[in-house]
Amino acid sequence: MYQALYRSFRPETFEGLLGQEHIVRILKNQIKSGTEGHAYLFCGTRGTGKTTVARVLAKGVNCKESQEKRPCGICENCKAIRDGIFLDVIEIDAASNNGVDNIRELRESIKYPPVVGRRKVYIIDEVHMLSAGAFNALLKTLEEPPEYVMFILATTEPQKLPATILSRCLKLDFHRIPEKQIREGMRIICDKLGVNISDGALGIIAANGDGSVRDSLSILDQCIAGGGMEVTRQDVLNVLGTSGEEVFIQLTDMMDQGRTSDAFLLLDRILSDGIEVRQFMKDWISHYRNLMIVKFIRRPEDILNVSEENTERIREQSLRIDMSTINSSIIELAN
């Protein structure tokens, strides 16, 4: 059965992770020195690696290798955790198991020591979805768990957690992944799959992934499904339902020159082609952002995700449009 790219290429060790170097450094040092905590709180936007790192940490504390090499990713315990059949790693989705009774069952189960590994690890995803009663039931257990138990709580909304829960966890903040790292990671995956993908296509995917590896890989998955072993910039634009930079240059010129009727005709043609309106507006705002960047950056091509030719056209357009117009246009489009 086919597996989505973000699942089939999920990192098995710390070395395979994209970004989050600050978190990897902390966890590797703790595993090496044997000073792992009993409760962690992983916070961050979707697709930044919270669940992946939680599983890698669970492998690290249960790996059969020496502490310096944990997790190895190839021992029996690591493979069992990867396949979701390791008895001592329990994953709970708090979105569908958010009641007091669910937490009471958890509290009963921690009384029993690990069956195979060193530590019994509970990974509670979307922990902010727990009810107030469930949080209260979890509190005492979280404060004084048995020495063989580890809790890893993951959430996209830490502000919804009670302060009493926050104070009992080691809080680690997951950052959005830089586009450069996402592009490099996807390039490696494409090479492994034998997919020929252009730099422009990778750049657009990474930019629209918005710092989320999972979102970026989902877009890549769609492009490969639609384009086969050859993925071009246009293939990505078709999947995203958006337009290329050339359209925004032309449309912005029309607005700046007061050619309103021409702009409406161009917009009508674009939208009649099935372009998604929200995505189009988001990309037009990005174009005005690019105009702002070239006014202040000497080498904007290192930042802008467009071709050299379009970088020059954006530079020329930026010289014709003053800063106040750019600012007001961004505000108007954002509203």
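Everything discussed here concerns the structure shown above.
Presented here is a report on the structure given in the accompanying data block. The structure presented is a predicted model; accordingly, all values stated were derived computationally and were not measured.

Observations regarding helix α9 (residues 199-209)
Then step 1. In terms of burial, α9 is a largely internal element, eight of the eleven residues being buried.
Then step 2. Once α9 finishes, Asp210 follows within two positions and takes phi at roughly 55 degrees, a positive value.

Considerations on the pattern of salt bridges
Then step 1. Counting across every chain of the model gives 16 salt bridges.
Then step 2. With a closest N to O distance of 3.4 Å, Glu143 and Arg168 form a salt bridge. With Glu143 in helix α6 (residues 132-143) and Arg168 in the loop between α7 (163-166) and β5 (170-173), the pair connects residues that are 25 residues apart, well separated along the chain.

Describing the pairing of strand β2 (residues 89-93)
Then step 1. Two strands pair when backbone bridges link them, and β2 and strand β3 (residues 120-125) are joined in this way by five bridges, in the parallel orientation. Counted as the bridge partner of Val89 is Val121 from β3.
Then step 2. Traced from β2 through helix α5 (residues 100-109) to β3, the parallel crossover comes out right-handed.

Focus: the packing of α5 against α6
Then step 1. Here α5 crosses α6 at 15 degrees, and the two axes come no closer than 8 Å. By the angle class used here, α5 and α6 are roughly parallel. The handedness of the crossing between α5 and α6 comes out as right-handed. Contacts between α5 and α6 involve Val100, Ile103 and Arg107 on the former and, on the latter, Gly133, Ala134, Ala137, Leu138 and Thr141.

Observations regarding unusual backbone geometry
Then step 1. Along the chain, Arg70 connects to Pro71 via a cis peptide bond; the corresponding omega equals -15 degrees.
Then step 2. Its place among the elements puts Pro71 in the loop between α3 (50-62) and α4 (76-82).
Then step 3. One non-glycine residue, Gln20, lies in the positive phi region at around 55 degrees.
Then step 4. Here Gln20 lies in the loop between α1 (5-8) and α2 (21-33).
Then step 5. The buried category is assigned to Gln20, whose relative accessible area is 5%.
Then step 6. Despite not being glycine, Glu126 has its phi angle at roughly 50 degrees, a positive value.
Then step 7. Here Glu126 falls in the partly exposed class, since its relative accessible area comes to 24%.

Side note on the packing of aromatic side chains
Then step 1. A full pass over the atoms with the stated rule returns six aromatic pairs.
Then step 2. Relative to Phe151, the ring of Tyr122 has its centre 5.5 Å away and its plane inclined at 25 degrees; by these criteria the two rings are stacked. Of this pair, Tyr122 sits in strand β3 while Phe151 is found in strand β4 (residues 149-155), placing the two residues 29 residues apart along the sequence.
Then step 3. Since its relative accessible area comes to 0%, Phe151 is described here as buried.
Then step 4. Considering the side-chain rings of Phe248 and Phe280, the 5.0 Å spacing of their centres and the 35 degrees angle between planes classify their relative orientation as tilted. Here Phe248, found in helix α12 (residues 245-256), pairs with Phe280, found in helix α14 (residues 277-296); they are 32 residues apart in sequence, far enough to count as distant.
Then step 5. One aromatic cluster is present, built from ring pairs that chain together Phe248, Phe280, Trp284 and Tyr288.

Remarks on helix α13 (residues 260-272)
Then step 1. Here α13 is 13 residues long and its end C-alpha atoms lie 18 Å apart, about the 18 Å a rise of 1.5 Å per residue gives.
Then step 2. Regarding α13, the residues found buried are Ala263, Leu266 and Ile270. End-on, the buried residues of α13 take up no more than an arc of 65 degrees, which puts them together on one face. The exposed residues of α13 that point more than 90 degrees off its buried face are Ser261, Phe264, Leu265, Asp268 and Ser272.

Considering the sheet that holds β5
Backbone hydrogen bonds hold the strands of a sheet together, and the pairing may be parallel or antiparallel.
Then step 1. In space, the five strands of this open sheet follow the order β2-β3-β4-β1-β5, with parallel pairing throughout. Strands at the two margins of the open sheet, each flanked by one partner only, are β2 and β5. Recorded for the sheet is a direction-independent mean angle of 15 degrees between the axes of neighbouring strands.
Then step 2. As paired elements, strand β1 (residues 39-43) and β5 share four bridges and run parallel to each other. Its bridge partner being in β5, Tyr40 is matched across the sheet by Leu170.
Then step 3. Contacting β2, β3 and β4, α5 crosses the sheet at an angle of about 165 degrees to β3.

Parameters at a glance
- Residues numbered from 1 in each chain as written.
- Predicted model: local features only at pLDDT ≥ 70, side-chain atom pairs only at ≥ 80, totals over all residues.
- Heavy atoms only, no water.
- Buried < 20%, exposed > 50% of the residue type's maximum accessible area, 1.4 Å probe, protein only.
- Helix = DSSP H or I, 4+ residues; strand = E, 2+ residues; numbered from the N terminus.
- Salt bridge = Lys/Arg side-chain N within 4 Å of Asp/Glu carboxyl O.
- Pairing = 2+ DSSP bridges.
- Right-handed = clockwise from strand over helix to strand, strands pointing away.
- Axes fitted to C-alpha atoms, helices over the stretch in contact; angles between N-to-C directions.
- Parallel < 35°, antiparallel > 145°, perpendicular 65-115°, else oblique.
- Left-handed = near helix turned anticlockwise from the far one by under 90°.
- Contact = heavy atoms within 4.5 Å.
- Phe/Tyr/Trp six-rings, centres within 6.5 Å; stacked < 30°, edge-to-face > 60°.
- Expected span 1.5 Å × (residues − 1).
- Arc of directions from axis to C-beta.

By themselves, these figures tell us nothing about what the structure is for.
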